[in-house]
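Overview (structure and organization)
Take a look at the letters that make up each chain.
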Amino acid sequence: MNDKTRQASILLIYTGGTIGMVQNQETGRLEPFNFQCLLQHIPEVREVGCRIETVQFEQPLDSADIGPEAWARIARLISDHYAAYDGFVVLHGTDTMAFTASALSFMLENLSKPVILTGSQLPLGMLRTDGKENLLTAIEIAAAREGDFPLIEEVCIFFENDLMRGNRTSKTGADNFNAFHSYNYPALAHAGVTIQYNRPHLYRPILRKPLKPHFTFDTHVALLKLYPGISPRYVETVLGMEGLKGVVLETFGSGNAPSAEWFVKLIREAVEKGIVIVNITQCQTGSVEMQRYETGLHLQENGVISGYDSTTEATITKLMFLFGLGLSPDEVKEYMQCALAGEMSVP
Ligand code: ASP
């Protein structure tokens with residue numbers, strides 16, 4: 001069989017989430033069901049012209065319960081089956097999907113096959129479900145090829161009509177079908193009547209090397225979101241956490257923070273202790289530029305580094321990932337300031 005007529009092979013990994021949930025008749029609550037039922041709900045999956053095999057978490061997880069341990073399980077499933085499939089579709093709860101997509105983008109070094117995460121806002125069993133379209137299109141995208149190579153060679157989220165780079169994406173809607181956005185990077189594809197790929201923005205590995213998966217994270221990190229009126233005690237408690245190695249500092253506007261003496265001192269002392277502090281903006285769009293205002297400059301002068309236009313999800317998972325590799329604070333600082341998997345635009 002030549003390559004053009006060969007059926008693409010896709011591994012569907014079900015981790016849990018609304019897409020595979022049913023309503024408990026007694027409590028009325030949504031609960032995960034057996035993955036076999038998922039295929040019963042969408043028999044069309046078998047008709048998309050791909051060889052699809054499925055594997056599921058023994059105990060499907062609401063994505064609020066997904067973290068480094070589950071990320072490692074997903075990465076292990078992908079790497080163990082990497083040679084046998086053309087692409088991977090990961091069904092995942094929407095709540096923390098952007099964190100998982102970011103984590104996987106760092107864990108799967110040298111990835112050159114599609115890993116598409118999707119889920120849904122309404123369970124597959126419901127009449128108006130968005131899960132069916134999301135799943136079928138995600139499979140079609142994972143199977144798409146151009147010449148000898150897959151069209152997509154990175155970790156993405158497909159939701160509603162858009163394919164987005166996973167580590168550029170955030171969940172923005174609790175009840176809209178259009179629940180994910182990638183504000184600082186264009187969509188990679190739009191699914192209308194046909195699927196239109198945004199080719200210039202697709203990630204292309206410079207050299208195709210064997211997949212090098214990583215599985216460990218170091219969770220000695222914290223997220224500190226600033227707000228007017230933030231108390232010295234609160235900042236001191238976060239920065240004083242035992243064993244703390246890295247902090248994602250969510251600042252105002254283009255990377256600005258209070259200039260009060262107590263705040264500057266706490267930041268300086270934390271940096272001097274070797275804690276890596278990464279500045280990202282609370283704004284949905286745009287990038288950190290610490291030289292723009294005095295209230296940003298003092299952070300830079302005290303050793304805070306820029307996370308540029310990266311999302312919270314990408315920054316925190318990247319910090320955990322880099323410390324998980326056993327790197328020194330200086331090495332972590334260096335890697336935090338360059339894009340590992342297209343997660344930020346460094347000017
Ligand atoms: N709580 C669910 C989860 O993230 C919501 C969803 O799947 O959309 O697992």
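Criteria and cut-off values
- Residues numbered from 1 in each chain as written.
- Predicted model: local features only at pLDDT ≥ 70, side-chain atom pairs only at ≥ 80, totals over all residues.
- Heavy atoms only, no water.
- Axes fitted to C-alpha atoms, helices over the stretch in contact; angles between N-to-C directions.
- Helix = DSSP H or I, 4+ residues; strand = E, 2+ residues; numbered from the N terminus.
- Parallel < 35°, antiparallel > 145°, perpendicular 65-115°, else oblique.
- Contact = heavy atoms within 4.5 Å.
- Nonpolar A, V, L, I, M, F, W, Y, C, P; charged D, E, K, R; others polar.
- Near = heavy atom within 4 Å.
- Polar contact = N/O pair within 3.5 Å; in protein donor to acceptor, adjacent residues only side chain to side chain.
- Areas by Shrake-Rupley, 256 points an atom, 1.4 Å probe, with all protein chains shown as cover.
- Core = buried A, V, L, I, M, F, W, Y, C linked by side-chain atoms within 4.5 Å.
- Buried < 20%, exposed > 50% of the residue type's maximum accessible area, 1.4 Å probe, protein only.
- Salt bridge = Lys/Arg side-chain N within 4 Å of Asp/Glu carboxyl O.
- Phe/Tyr/Trp six-rings, centres within 6.5 Å; stacked < 30°, edge-to-face > 60°.
- Lys NZ or Arg CZ within 6 Å of the ring centre and 35° of its normal.

Here we take up the packing of helix H5 (residues 232–239) against helix H6 (residues 261–272). It is at 10 Å that the axes of H5 and H6 come closest, and there the two elements cross at 5°. Regarding the angle of H5 to H6, the classification is roughly parallel. Taking contact as the criterion, the partners of Pro232, Val235, Glu236 and Leu239 in H5 are, on H6, Trp262, Phe263, Leu266, Ile267 and Ala270. Among the residues making up the contact of H5 with H6, the classes are represented as eight nonpolar, no polar and one charged.

Let us look at the site of the ligand. Around the ligand, the surrounding shell consists of Gly17, Thr18, Asp62, Ser63, Gly93, Thr94, Asp95 and Ser120. Residue Ser63 places a side-chain N or O atom 2.5 Å away from an oxygen atom belonging to the ligand. With respect to the ligand, the side chain of Thr94 contributes an N or O atom lying 2.4 Å from an oxygen atom. Compared with its free state, where it exposes 270 Å², the ligand has 89% of that area covered by protein. Along the lines of polarity and charge, the residues of the shell around the ligand split into no nonpolar, six polar and two charged.

Turning our eyes to something else, we now look at the nonpolar core. Ranked by size, the top nonpolar core spans 51 residues in total, and within it Ile78, Leu104, Leu108, Val115, Leu117, Ile157 and Leu319 carry the most contacts. Core analysis: the next-biggest nonpolar cluster, separate from the first, contains 32 residues, Ile19, Val45, Leu124 and Tyr197 among them.

Within this structure, the stated rule accounts for 15 salt bridges. Residue Glu53 is joined to Arg51 by a salt bridge in which the shortest nitrogen-to-oxygen separation is 2.6 Å. Classification of Glu53 by relative accessible area gives partly exposed; the value is 32%. When its relative accessible area of 36% is taken as the criterion, Arg51 is described as partly exposed. Three or more residues are tied together by salt bridges with common partners; here these are Glu153, Arg204 and Arg208.

For the rest of this paragraph, the subject is the packing of aromatic side chains. For any pair of aromatic rings, the description consists of the separation of the ring centres together with the inter-plane angle of the planes. Across all of its chains, the model carries eight aromatic pairs by this definition. Ring centres of Trp71 and Phe217 lie 5.0 Å apart, and the angle between their planes is 70°; this geometry places the pair in the edge-to-face category. In this pair, Trp71 is assigned in helix H2 (residues 68–80) and Phe217 in the loop between strand S16 (212–213) and strand S17 (221–225), connecting sequence segments 146 residues apart. A residue is classified by how much of its surface remains accessible, and Phe217, at 14% relative accessible area, is buried. Seen from their ring centres, Trp262 and Phe263 are 5.7 Å apart, and the 85° between their planes marks the pair as edge-to-face. The class of Trp262 is partly exposed, set by a relative accessible area of 28%. Taken together, the ring pairs connect Trp71, Phe106, Phe217 and Phe321 into an aromatic cluster. When the ring centre of Phe215 is taken as origin, the NZ or CZ atom of Arg76, which lies over that ring, is 3.8 Å away.

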